[in-house]
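# Breakdown of the fold
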Amino acid sequence: MKMNRCILHIGCEKTGTTSIQGALYKNIAALKRQGYFMLHTLGVTNNRTFPAYFEPFSYSGFNEWQHANGCLTAKDKEDFFEGFPNIFHEEVQEAASFLHTTIITSEHFHSRIKTKKQMQKIHDFLSRSFNKIEIVCYFREPVEAALSGYSTVIKIGWSSNLEGFLEDNCKPDNYYYNHKKIADNWSEVFGIENCHFHLYDSQRDAFEHFSSVVGIRGATNRGADAGNSSLTNLQAQAFRVINKKIP
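Here we summarise the structure given alongside this text. Since we're looking at a predicted model, the values are computed, not measured.

## Here's the deal with the packing of aromatic side chains
In total, this model carries 22 aromatic pairs according to the counting rule given. The interplanar angle of 90° and the centroid separation of 5.0 Å between the aromatic rings of Tyr-53 and Phe-54 together place this pair among those described as edge-to-face. Here Phe-54 falls in the buried class, since its relative accessible area comes to 10%. The interplanar angle of 80° and the centroid separation of 4.7 Å between the aromatic rings of Phe-57 and Tyr-59 together place this pair among those described as edge-to-face. You can call Tyr-59 exposed: its relative accessible area is 62%. Ring-pair connections join several aromatic residues into one group, and the members of that group are Phe-50, Tyr-53, Phe-54, Trp-65, Phe-80, Phe-81, Phe-84, Phe-88, Phe-109, Phe-125, Trp-186 and Phe-190.

In structure tokens, the structure reads:
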């Protein structure tokens with residue numbers, strides 16, 4: 001038995017995604033009464049385990065998900081995901097008898113899933129369990145997104161200055177900031193009629209707008225996103241000094 005609909009919230013990063021995720025899981029009971037299903041097996045509140053399944057294993061750089069889950073080799077990751085497809089499909093199938101929509105949310109769809117081949121695998125995987133798959137994505141003006149992203153990298157230990165960070169990252173050939181390419185890839189695989197692309201507005205309640213897009217009514221508990229808020233200029237300078245002194 002297939003569930004009627006899957007909402008795939010693909011971020012992007014720095015568009016209020018953390019706030020949306022927190023609110024979704026705070027409102028699980030209210031959402032279930034309306035027919036919406038949130039899986040706990042994919043990670044709470046960021047369902048990062050799902051995109052990680054489709055992301056190739058990499059030894060290069062630091063992959064936070066791989067490290068946190070003990071997937072230090074390709075074999076580790078293979079063992080971690082043993083039986084995952086069956087567990088996922090069985091859980092959705094069981095819920096399909098009384099719920100109509102599953103929501104999967106992770107900004108890692110933006111930063112880690114970059115090719116149409118990966119997206120096609122996700123489409124084929126979800127098509128086993130759902131009649132309809134819809135993409136919801138918010139895009140933020142690239143320089144604004146980069147400025148907010150700079151706060152994040154400073155928090156996790158970088159010590160580069162803002163000018164160097166923008167020069168190295170915020171350019172059209174960087175897929176992360178090429179919103180047209182991102183939108184084209186997802187819409188080509190899932191169909192433009194199934195894609196809801198919106199511009200991020202920092203003055204708008206992110207969860208309220210997301211709810212209106214997917215049809216949620218009356219869910220009022222909000223998730224806190226203070227942990228992912230941008231640093232002030234003075235805070236960023238202080239973090240840079242600390243990161244230089246304590247790499």
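Further notes follow.
## Some remarks on the environment of His-209
Relative to the helices and strands, His-209 is located in helix H12 (residues 206-214). Judged by relative accessible area, which is 18%, His-209 ranks as buried. Along the primary structure His-209 and Ile-20 are separated by 189 residues, whereas in three dimensions their C-alpha atoms are 9.5 Å apart. Not counting residues within four places of it along the chain, the set of residues in contact with His-209 comprises Tyr-138, His-198 and Arg-204.

## Here we look at the pairing of strand S4 (residues 130-139)
With respect to burial, S4 is a largely interior element, 8 of its 10 residues being buried. Inspection of the sheet shows strand S1 (residues 3-9) paired to S4 by 6 bridges, in the parallel sense. Residue Met-3 lies in a different strand from S4, and its bridge partner there is Phe-130. Note: S4 against strand S5 (residues 195-199), 5 bridges, orientation parallel. Each bridged residue has a counterpart across the sheet, and for Cys-137 the counterpart in S5 is Phe-197.

Thresholds applied
Residues numbered from 1 in each chain as written. Predicted model: local features only at pLDDT ≥ 70, side-chain atom pairs only at ≥ 80, totals over all residues. Heavy atoms only, no water. Phe/Tyr/Trp six-rings, centres within 6.5 Å; stacked < 30°, edge-to-face > 60°. Buried < 20%, exposed > 50% of the residue type's maximum accessible area, 1.4 Å probe, protein only. Helix = DSSP H or I, 4+ residues; strand = E, 2+ residues; numbered from the N terminus. Contact = heavy atoms within 4.5 Å. Pairing = 2+ DSSP bridges.

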